[in-house]
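Each chain is listed here by its residues.
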Amino acid sequence: MNLSGKVALVTGAAQGLGKAFSESLLSQGAKVCLADVKVQQGKTTAAEFQKTFGNDSAFFEKCDVSIADDVTNVFKKVKSKYGQIDILVNNAGIANETHWRKMVDINLVSVIQGTQLGIEYMSKEYGGNGGVIINVSSSAGLVPVFITPVYCAVKFGVVGFTRSVAVNPRNRSTSGIRFCCLCPAFTDTDIIKFKKDSGINMKYAPKILKSVGINK
Ligand SMILES: NC(=O)c1ccc[n+]([C@@H]2O[C@H](COP(=O)([O-])OP(=O)(O)OC[C@H]3O[C@@H](n4cnc5c(N)ncnc54)[C@H](O)[C@@H]3O)[C@@H](O)[C@H]2O)c1
Ligand SMILES: CC[C@@H](O)/C=C/C=C\C[C@@H](O)/C=C/C=C/C=C\[C@@H](O)CCCC(=O)O
């Protein structure tokens, strides 16, 4: 796919799946804003991409997606640097059943805010070019997983929210935006290196992962 002339905003892009999505977009010619709360990792990733794809191809912006002003600010930054937004990937996420309110904010509330801002910036109705908004859920957004009930709840929420926005007749007819929800299964990134304070039952987590071929 040729994405030259297109501009993407990817949250949680410093590492893991967000970094991989960004690399794929860059390799197809898009420019990418890498938004993440991890400053050092984000800057390192941006420098790596600038070296490979060109200085103006990518930039890092510090953004904690659980802070509404940070999210508003990152959209403004992309618009002022690249002039438009065509592709939005609401990807940032954590897995932590102890700090579950924070997880709801990061994994669901920010996806709702990001999608609403995406419509504001990208919809043809408001002077944008249309494009695509991709919200990252999980296979845990489709099936129950008893050791991570809150993670499941928010990922189910991302599926329900994205599907509802996608079938809104107004969005379908005039926005020019496609709304997609990704539900990846286990991928070997930091999110499945469950921390001690994650509230995730370590007796079962490795067994579930092992059953799909990941030895942690
Ligand atoms: N790896 C898997 O098995 C898997 C499976 C299904 C879905 N997912 C989802 O994919 C997405 C990416 O996860 P990953 O696997 O790459 O994990 P990861 O931990 O490697 O990456 C998550 C990224 O999100 C960032 N992030 C966390 N909190 C943030 C915040 N408040 N503001 C901004 N950025 C923040 C992190 O700094 C990190 O760069 C998540 O939404 C996750 O739920 C992952
Ligand atoms: C092992 C704990 C798990 O519940 C939490 C994982 C947290 C992050 C990764 C997550 O997004 C993926 C979870 C998916 C779990 C869903 C059900 C699995 O049983 C499906 C098996 C995956 C497969 O079929 O390949």
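Residues numbered from 1 in each chain as written. Chains lettered and ligands numbered in written order. Predicted model: local features only at pLDDT ≥ 70, side-chain atom pairs only at ≥ 80, totals over all residues. Heavy atoms only, no water.

Per an unreviewed UniProt entry, the protein carries the name 15-hydroxyprostaglandin dehydrogenase [NAD(+)] and comes from Lottia gigantea.

Peer 1: Would you mind going over the overall build of the protein with me for this structure?
Peer 2: Helix and strand counts for the protein stand at seven helices and six strands. Each helix and strand of the protein, placed in order from N terminus to C terminus, yields the pattern β-α-β-α-β-α-β-α-β-α-α-β-α. Taking 216 residues into account, the globule formula puts the C-alpha radius of gyration at 17 Å, and the protein, at 17 Å, falls close to it. For the C-alpha atoms alone, the extent of the protein along its principal axes is close to 50 × 45 × 35 Å. Expressed as a percentage of its 216 residues, the buried residues of the protein come to 44%. Nonlocal contacts in the protein, meaning residues at least 24 apart in sequence, comprise 67% of its contacts between residues at least 6 apart. Taken as a whole, the protein presents about 10,900 Å² of accessible surface, with 55% of it coming from carbon and sulfur. Charge-centre separation for the protein: the mean point of 26 positive side chains lies 4 Å from the mean point of 16 negative side chains. (Helix = DSSP H or I, 4+ residues; strand = E, 2+ residues; numbered from the N terminus. Rg over C-alpha atoms; globule rule 2.2 N^0.38 Å. Buried < 20%, exposed > 50% of the residue type's maximum accessible area, 1.4 Å probe, protein only. Contact = heavy atoms within 4.5 Å. Areas by Shrake-Rupley, 256 points an atom, 1.4 Å probe, with all protein chains shown as cover. Lys, Arg positive; Asp, Glu negative; His and termini not counted. Charge placed at Lys NZ, Arg CZ, Asp CG, Glu CD.)

Peer 1: Just checking my understanding: could you explain the site of ligand 2 for this structure?
Peer 2: The full set close to ligand 2 counts 15 residues, and S138, S139, V145, T148 and Y151 are the nearest of them. At 2.8 Å from an oxygen atom of ligand 2 is found a side-chain nitrogen or oxygen belonging to S138. Interatomic distance of 2.6 Å between a side-chain N/O atom of T148 and an oxygen atom of ligand 2. Spatially, ligand 2 is embedded in the largest pocket. Of the residues assigned to the shell around ligand 2, the class counts are 12 nonpolar, three polar and no charged. (Near = heavy atom within 4 Å. Polar contact = N/O pair within 3.5 Å; in protein donor to acceptor, adjacent residues only side chain to side chain. 1 Å grid on protein atoms, 1.4 Å probe; cavity = no way out; pocket = protein on both sides within 12 Å on 5 of 7 lines; lining within 4 Å. Sits in = over half its atoms within 2 Å of the grid points. Nonpolar A, V, L, I, M, F, W, Y, C, P; charged D, E, K, R; others polar.)

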